[in-house]
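Notes for the structure review
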Amino acid sequence: MSKKYNSISIVGSQWGDEGKGKITNYLSKNIDMVVRYQGGNNAGHSIVIKEKRYTLHSIPSGIFDPNIRNIMSNGMVINPIALLKELSILKKQGIDKYQLFISDRAHIVMPYHILLDEIYENSKGKDKIGTTKKGIGPAYTDKSSRIGIRFVDFLDDELFKKILKNNIKNKNKIFKSYGEMEISFNKIYNQYKKIRNEIEHMIVDTSIMVYEALENGEKVLFEGAQGVLLCLDHGTFPFVTSSSPTSSSIPVNVGIPIHMINKSLGIVKAYSTRVGTGGFPTEFNNKISDFIRNVGNEYGTTTGRPRRVGWFDACLVRHAARVSGFTDITITLLDVLTGLDTLKIATSYIINNKETKYVPASRKDFNEAKPVYVELKGWKKDISNVKSFDELPLNAKKYLKAIEKHVGVKISQLSVGPEKNQTIDINEMFNNKGKNDK
Ligand code: IMP
């Protein structure tokens, strides 16, 4: 029999903002390692610990426990200036004892990436993607074009200077063509040189660290950012981010073999939200969507933008479960729906007069998709202190059972509020004890 590893991947199953940070933090009890595997500071993970709210953008959610090793893997693009700022905010909030490691193969987000993100977005007019303007797309573009700067290159001053000089020369041609001001090599070089000594002790080959931890039977959480529908390959292209949040991307994004990922937990919001532009079949705008936005505090953690709101779309989550491979799902923000008379779940779409259960690749078809709904009765009783599935009102149980049936993956956890103790376990997620277990 092949070896069983003690690992879970935590993946957003919709368009991000499903509450992954809270669930990672919840599962990180007695955990040994948390690995963030893609994206950068475009993410916003909001975590409440003892009524205090913390916001993480690029730092893994295990940062609050000094026993946990936090890894920023090679699949990420990392803005070191923003990272230091994030760390200094945490320090002001009393979080100053932690273990944080940056992959030497991760790419650096440079100031010109942020400027390019802004320029490309503005040039798209009404077709803009609605990016977070953190330079994520242009940084991944440079990685694919093989001109990006990795942290290991940053440590080698001569090499860093050489690549940076070339890049700035080329980027200035682009800035000029858009009628923008050119940027100065000296300014950026000096700025980055200054921060090198603040981060160099964190830069290591994280692939070896993660591999060895798993081989030693340690408990490892893989933490994704965004959601599967924002995946560059399997999302609603082109209104997506520039990396793959799927579980299936982890081996490449971390540098470990496929068989080391034991379970994959899809984080599923009890309704749908989206920030940025792009199709959204179950979106609606009325008093009920305003209610959900207000109760669920559906405003972007990174940008503050009001999120678009829609009914639960089982087609999307089924798609995410298939391309990512979910063994279990967690339903989050169920409490937000308390008080509504009727709830809807989209189970298929009508596209070009035909019914389909699948998410189309064509943006035109997706824009025109008309959801086919099942309607269920809501519940009035406050569920935010409920401690077990059995205690839930009958209609909440029926709603969850309908989600499970239409998505086709078992629900292993429920979240009924932002605090850790507002989480209900239905199935155990880890098989055995890790190093940090007493
Ligand atoms: P980018 O990742 O900044 O390039 O933005 C691309 C798309 O992904 C935009 O629609 C963003 O709103 C969306 N996006 C990026 N990060 C997040 C996130 O953490 N939550 C939700 N949407 C996100």
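Up top is the structure.
Residues numbered from 1 in each chain as written. Predicted model: local features only at pLDDT ≥ 70, side-chain atom pairs only at ≥ 80, totals over all residues. Heavy atoms only, no water.

As a further point, take the nonpolar core. Counting residues in hydrophobic clusters, the biggest one holds 57 residues, and the most contacted among them are Phe222, Ile331 and Tyr399. With six residues, helix 13 (residues 394–407) is the largest single contributor of residues to this core. Those residues in contact with tyrosine 399 that sit more than four places away from it in its chain are Ala270, Phe312, Leu334, Leu337, Leu343, Lys344, Ile345, Leu376 and Trp379. (Core = buried A, V, L, I, M, F, W, Y, C linked by side-chain atoms within 4.5 Å. Buried < 20%, exposed > 50% of the residue type's maximum accessible area, 1.4 Å probe, protein only. Helix = DSSP H or I, 4+ residues; strand = E, 2+ residues; numbered from the N terminus. Contact = heavy atoms within 4.5 Å.)

This part is about the packing of aromatic side chains. Across all of its chains, the model carries twelve aromatic pairs by this definition. The interplanar angle of 70° and the centroid separation of 4.9 Å between the aromatic rings of phenylalanine 154 and phenylalanine 160 together place this pair among those described as edge-to-face. There is no split in this pair, since phenylalanine 154 and phenylalanine 160 are both buried. When the ring of phenylalanine 160 is compared with that of tyrosine 192, the centres are 6.5 Å apart and the planes differ by 35°; the resulting orientation is tilted. (Phe/Tyr/Trp six-rings, centres within 6.5 Å; stacked < 30°, edge-to-face > 60°.)

Among the residues making up helix 10 (residues 287–295), those that are buried are Ser289, Ile292 and Arg293. On an axial view of helix 10, the arc spanned by its buried residues comes to 100°, and they lie on one face. Projecting away from the buried face of helix 10 at angles above 90 degrees are the exposed residues Lys287 and Asn294. The elements touched by buried residues of helix 10 are strand 13 (308–310). Residue asparagine 286 occupies the N-cap position of helix 10, its side-chain oxygen lying 2.8 Å from the main-chain nitrogen of isoleucine 288. In the stretch just after helix 10, asparagine 297 is the one whose phi turns positive, near 50°. (Arc of directions from axis to C-beta. Polar contact = N/O pair within 3.5 Å; in protein donor to acceptor, adjacent residues only side chain to side chain.)

This part is about helix 7 (residues 185–199). With 15 residues, helix 7 ought to run about 21 Å at 1.5 Å a step, and its terminal C-alpha atoms sit 21 Å apart, in line with that. Taken as a whole, helix 7 has its buried residues at Phe185, Ile188, Tyr189, Tyr192, Ile195, Arg196 and Ile199. Where helix 7 is buried, its residues contact helix 2 (80–92), strand 8 (107–108), helix 3 (111–123), helix 5 (151–155), helix 6 (157–177) and strand 9 (203–204). A distance of 3.4 Å separates the backbone nitrogen of asparagine 186 from a side-chain oxygen at the start of helix 7, and that oxygen is part of serine 184. (Expected span 1.5 Å × (residues − 1).)

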